[in-house]
Amino acid sequence: MKKTLSTVFVTALLFLSMTSITHAQQADKDIGIGVMVGEPTGLSLKSWLGGNNAFDVGLAWSLNRDAVHVHADYLWHNFNLFDEVDEGSLPLYYGIGGRVILADDDAVIGARVPVGLNYLFEDAPIGLFMEVAPIINLAPDTDLDVEGGIGIRFYL
């Protein structure tokens, strides 16, 4: 049952991410693809939805649990907090999302609240980011967790 639930959850996350990518491409918005290092470590995709909002998806390896990690977040960006940056921009972002960790015999499902900084270069399609994400695990047990890391994305 747990594997079926995990498969359904991952399929839903992938469907939502593809829907966001299609929406962003139709709206002529940027899509960033890159890597993140920390807990978890893996691939990162960010799709700007317009204005100050974005959708972020991660497919990675959880080093703490030795398992596949998938997360998806809806993000809001504040470009005015660090507006004295000479070149580029440095928005603070925060959001809400979910994650699933798929181990051989178990799945962990939780809600994320990511907070981070995203440096966007002015003349290059590159973004650097760092974030921390407090998590409330909902299944199989209820407990608290924290993830975080740094990363880089190339915008198409």
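Residues numbered from 1 in each chain as written. Predicted model: local features only at pLDDT ≥ 70, side-chain atom pairs only at ≥ 80, totals over all residues. Heavy atoms only, no water.

Looking at this structure, how should I read the packing of aromatic side chains?
Two descriptors summarise a pair of aromatic rings, namely the distance from one centre to the other and the angle between the planes of the rings. In the structure shown here, the tally under the stated rule is four aromatic pairs. Ring centres 4.8 Å apart and planes at 85° place the aromatic pair Y119 and F121 in the edge-to-face group. The class of F121 is partly exposed, set by a relative accessible area of 35%. Within the aromatic cluster, the residues linked to one another by ring pairs are Y74, W76 and Y94. Directly above the aromatic system of Y93 lies the positively charged group of K46, at a separation of 4.9 Å from the ring centroid. Geometry around F129 places R153 over its ring, the cationic atom sitting 3.9 Å from the centre. (Phe/Tyr/Trp six-rings, centres within 6.5 Å; stacked < 30°, edge-to-face > 60°. Buried < 20%, exposed > 50% of the residue type's maximum accessible area, 1.4 Å probe, protein only. Lys NZ or Arg CZ within 6 Å of the ring centre and 35° of its normal.)

Sorry if this is basic, but what is going on with the pattern of salt bridges here?
One side chain can pair with another of opposite charge once the charged atoms of both are near each other. If you walk through the whole model with that rule in mind, you get seven salt bridges. With a closest N to O distance of 3.2 Å, R153 and D56 form a salt bridge. In this pair, R153 is assigned in strand β9 (residues 143–155) and D56 in strand β3 (residues 53–62), connecting sequence segments 97 residues apart. Neither residue differs from the other here; R153 and D56 are each classed as buried. Ionic pairing is found between R112 and E131, a salt bridge with its closest N-O pair at 2.9 Å. Of this pair, R112 sits in strand β6 (residues 107–112) while E131 sits in strand β8 (residues 126–139); the two residues are 19 residues apart in sequence, bridging distant segments of the chain. You can call R112 buried: its relative accessible area is 1%. Among the charged side chains, a salt-bridge network with shared partners connects R65, D73, R99, R112, E131, D145 and E147. (Salt bridge = Lys/Arg side-chain N within 4 Å of Asp/Glu carboxyl O. Helix = DSSP H or I, 4+ residues; strand = E, 2+ residues; numbered from the N terminus.)

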